[in-house]
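Structural overview for review
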Amino acid sequence: MLELIQIPYSPFCIAQRRLLEFARARFKVVNLSASSDRSLIWRLTRQRYYAVPVLQDGKTVVFETDEDSQVIAKYLDTKLGLGLFPREWEGVQQVLWRFFEHEIEGVGFKLNNAHYREWLPARDRLPFIRYKERKFGHGCLDRWLAGEEELQTELVRLLLPCEEMLLARPFLLGERPLFVDFDLYGMLGNYLYGGCQQLPAKHTLLRDWYARMSTVKQKPA
Ligand SMILES: N[C@@H](CCC(=O)N[C@@H](CS)C(=O)NCC(=O)O)C(=O)O
């Protein structure tokens, strides 16, 4: 059986989990937290990786090879015959997932993390704060909370092209979801995680799309 090793609020994990649900795949989830050690991943990947998500499929262990690779999604796409990377959108999807995973994720996670006291279990706070502050500097979480309004304005601006893509179609690139739909869903799922944030009210099409993406399933063959 497929096994997804994840942190439940990680944007990249949310994308893969939704993709597995969409595909009606049988899979198990192994949840890690900010305070869990990563020795399981380190061992499975033979000391090559420590981040999440990681996918285990029997003896095969799948994980990303660089910042912008989509090794797990492409593995699932091939294995489950999903057609999420059609030739006609080759290149375009790549530009989009970079935008989603860098620009949108880069603002969305700050807005989410700023409220960590409201959703992150107390036992996970020390490693969480330490990890964030080592990466983004002392006091970053409170800085993001203080700058919430500006970050929200920035998110609304960044999401405008996504809203516009939905003007004439139900999914970002057409009549059915492709990989980039799951990818954006993951970034926004992280932003919304814990229930402290909402999708911008003015992006009504995006809100409808998000609701569709939360439940859409592949049509049975
Ligand atoms: N580009 C990678 C990014 C993976 C990533 O950055 N994962 C984070 C969690 S969101 C992580 O595990 N970071 C290392 C750590 O927490 O020690 C992907 O798409 O999977």
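So, how was this worked out
Residues numbered from 1 in each chain as written. Predicted model: local features only at pLDDT ≥ 70, side-chain atom pairs only at ≥ 80, totals over all residues. Helix = DSSP H or I, 4+ residues; strand = E, 2+ residues; numbered from the N terminus. Rg over C-alpha atoms; globule rule 2.2 N^0.38 Å. Buried ≥ 20, exposed ≤ 12 C-beta atoms within 10 Å, placed from the backbone. Pairing = 2+ DSSP bridges. Right-handed = clockwise from strand over helix to strand, strands pointing away. Axes fitted to C-alpha atoms, helices over the stretch in contact; angles between N-to-C directions. Core = buried A, V, L, I, M, F, W, Y, C linked by C-beta atoms within 7 Å. Domains from an automatic or database assignment. Contact = placed C-beta atoms within 7 Å. Nonpolar A, V, L, I, M, F, W, Y, C, P; charged D, E, K, R; others polar. Expected span 1.5 Å × (residues − 1). Arc of directions from axis to C-beta.

**Things to note about the overall build of the protein**
Each helix and strand in the protein was counted, giving 10 helices and four strands. Reading the protein from its N terminus to its C terminus gives the helix and strand order β-α-β-α-β-β-α-α-α-α-α-α-α-α. The C-alpha atoms of the protein give a radius of gyration of 17 Å, which matches the 17 Å a tight globule of 221 residues would have. Once the C-alpha set of the protein is aligned to its principal axes, its extents read approximately 50 × 45 × 25 Å. In the protein, which comprises 221 residues, the proportion classed as buried is 32%.

**Description of the pairing of strand S3 (residues 54–57)**
Sheet topology note: the strand S1 (residues 2–6)/S3 ladder contains four bridges and is antiparallel. By the bridge assignment, glutamate 3 is partnered in S3 with glutamine 56. Across three bridges, S3 lies against strand S4 (residues 60–62) in antiparallel orientation. Looking across to S4, one finds that leucine 55 is bridged to valine 62.

**As for the pairing of strand S2 (residues 27–31)**
Sheet analysis places S1 next to S2, joined by five bridges and oriented parallel. Residue pairing for S2: isoleucine 5 is matched across the bridge by valine 30. As a crossover connection, the stretch from S1 through helix H1 (residues 11–22) into S2 is right-handed.

**Details of the sheet that holds S4**
Spatial ordering of the open sheet is given by S2-S1-S3-S4, a layout of four strands whose pairing is mixed. The outermost strands of the open sheet, each flanked by one partner alone, are S2 and S4. Direction aside, the axes of adjacent strands within the sheet are offset by 20° on average.

**As for the nonpolar core**
In terms of nonpolar packing, the biggest core is built from 45 residues, with Phe100, Val180 and Leu184 touching the most fellow members. Here this core takes eight residues from helix H9 (residues 179–192), the largest share from any one element. Formed jointly, this core draws a minimum of three residues from each of two domains, domain 1 (2–80) and domain 2 (87–215). For phenylalanine 100, the residues in contact, after removing those within four places along its chain, are Glu105, Val180, Asp183, Leu184 and Met187.

**Focus: the domain arrangement of the protein**
The figure often quoted for interface size is the accessible area lost as the parts come together. When cut into domains, the protein gives domain 1 (2–80) and domain 2 (87–215). For domain 1 and domain 2, the distance between their C-alpha centres works out to 19 Å. Facing the 14 residues of domain 1 at the interface are 18 residues of domain 2. Looking at the side of domain 1 that touches domain 2 element by element, the count peaks at six residues for H1. The class makeup of the residues in the side of domain 1 that touches domain 2 is eight nonpolar, four polar and two charged.

**So, the environment of proline 11**
Positionally, proline 11 belongs in helix H1. Measuring from C-alpha to C-alpha, the distance between proline 11 and glycine 108 comes to 9.5 Å, with 97 residues separating the pair along the chain.

**Thoughts on helix H10 (residues 204–215)**
For H10, which comprises 12 residues, the first-to-last C-alpha distance of 18 Å matches the rise-based estimate of 16 Å (1.5 Å per residue) to within 8%. Along H10, the residues classified as buried are Leu206, Trp209 and Met213. Along the axis of H10, the buried positions cluster into a sector of 60°, meaning they face one direction only. What points out from H10, more than 90 degrees from its buried face, is the exposed set Thr204, Ala211, Ser214 and Thr215. Where H10 is buried, its residues contact helix H8 (148–165) and H9.

**Looking at unusual backbone geometry**
Here the bond from valine 52 into proline 53 is cis, since omega is 0°, no more than 30 degrees from zero. With respect to the helices and strands, the residue proline 53 is situated in the loop between helix H2 (39–44) and S3. Phi is positive for arginine 24, close to 55°, though the residue is something other than glycine. Looking at the secondary structure, you find arginine 24 in the loop between H1 and S2. For arginine 24, a count of 10 C-beta atoms within 10 Å corresponds to the exposed category. At arginine 46, a residue that is not glycine, the phi angle is positive and equals roughly 50°. Residue placement: arginine 46 occurs in the loop between H2 and S3.

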